[in-house]
Amino acid sequence: MGAKTKRNDPCPCGSGKKHKKCCGKGNLRGALAPARGPKRRFGIPLLTSDERDGMRAAGKANAVLMDLVRDKVAPGVTLVQIDDFVREWTYEQGYVPACLGYRGFPKSCCTSVNEVVCHGIPDDYALREGDIVNVDLTTIVEGWYGDQSETFLIGEVTPPARGVVQCAFDTLYAAIDTVSPGSRIADIGHAIVKIAHGRGYSVVEAFQGHGIGRKFHIDPGIPHYPESQWGHVVLEPGMCFTIEPMINVGSKRCPIDESDGWTSRTIDSSLSAQFEHTLLMTEQGIEILTTTERGPRPGHRF
């Protein structure tokens, strides 16, 4: 789940309040900051060695689940069947599905089909040949959160569908490649925008990546475009966060469905795709915590 970026926009938690009055209150500091962590910079927790291992375990578990979901995503499968599998497997392992009940979200994962940008609520819709669907999973393991998403192509898809999925995938890894200890959050947005705009796509600004640890959404915010609030922050060893660019074929605007308070769709019904990883900055460089065994690797062509 991405975090809202603009303080006056509706909060993505579905409360009906402005973000600055809800989850964004105090720029996500204070109540939403993790209870553990001996050191902070800009209000951002820097994880100890043991805490990093906790995040590694959560990321690995979530990646295992994503590979299992990979086998379930096919024509004729309903979104709620995917969600049922996610919930049942997670509890069988002794873990917790983070999305279920989060700020009132009713399901265990997010499934966003075609023009749905993010936070799609699984229902009885059966996947069809030509669809693209993003599955966003977050698993809590011993109190730590692992978070990732992939966009899947259902059978043969149109060139525009394939193109936007490829762009979302490429921008994620370009952003990962651009960061190292001492780089700034703004570098992430620059890398994403350069590729997306260069291919004629738009980058969603209404949602962003986020810090993660013993809480789902914490500082720092990770905008996917150059932005001033977080852009100056230096990425230091011990910081853990997600990068999750959402790329649209048409307009970047994506209002939230008032009927459910969650589902965000492109305003022009154009296609949207997203990929996400949980990342840990170490002294040696960036570490991807949610790498799957069978998912696409950097350089993959869809």
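Just so it is clear, the structure is predicted and the values come from calculations on it, not from any experiment.

(A) Spatial organisation of the packing of helix α3 (residues 159-178) against helix α4 (residues 185-198). At their nearest, the axes of α3 and α4 sit 8 Å apart, and the two run at 145° to each other. The chirality of how α3 crosses α4 is right-handed. In contact with Cys167, Asp170, Thr171, Ala174, Ala175 and Thr178 of α3, α4 contributes Asp187, Ile188, Ala191, Ile192, Ile195 and Ala196. Partitioned by chemical class, the residues of the contact of α3 with α4 number eight nonpolar, two polar and two charged.

(B) Just the pairing of strand β8 (residues 144-153), in detail. Among the ten residues in β8, nine count as buried, and that is most of the element. Pairing analysis gives ten bridges linking strand β7 (residues 132-141) to β8, with the strands arranged antiparallel. Bridge pairing links Val133 to Phe152 in β8. If you look at the hairpin formed by β7 and β8, you'll find two residues sitting between the two strands, and Glu142 has a positive phi there, around 50°.

(C) How the structure looks around the sheet that holds strand β13 (residues 246-248). The sheet built from three strands is open, its strands ordered β9-β13-β15 with antiparallel pairing. Bordering the open sheet on either side are β9 (202-203) and β15 (272-274), each of which pairs with just one other strand. Summarising the sheet, β13 and β15 pair through three bridges and their orientation is antiparallel. In the sheet register, Asn248 faces β15, and the bridge partner there is Ser272. α3 contacts β13 and β15 of the sheet and is inclined by roughly 145° relative to β13.

Calculation notes
- Residues numbered from 1 in each chain as written.
- Predicted model: local features only at pLDDT ≥ 70, side-chain atom pairs only at ≥ 80, totals over all residues.
- Heavy atoms only, no water.
- Axes fitted to C-alpha atoms, helices over the stretch in contact; angles between N-to-C directions.
- Helix = DSSP H or I, 4+ residues; strand = E, 2+ residues; numbered from the N terminus.
- Left-handed = near helix turned anticlockwise from the far one by under 90°.
- Contact = heavy atoms within 4.5 Å.
- Nonpolar A, V, L, I, M, F, W, Y, C, P; charged D, E, K, R; others polar.
- Buried < 20%, exposed > 50% of the residue type's maximum accessible area, 1.4 Å probe, protein only.
- Pairing = 2+ DSSP bridges.

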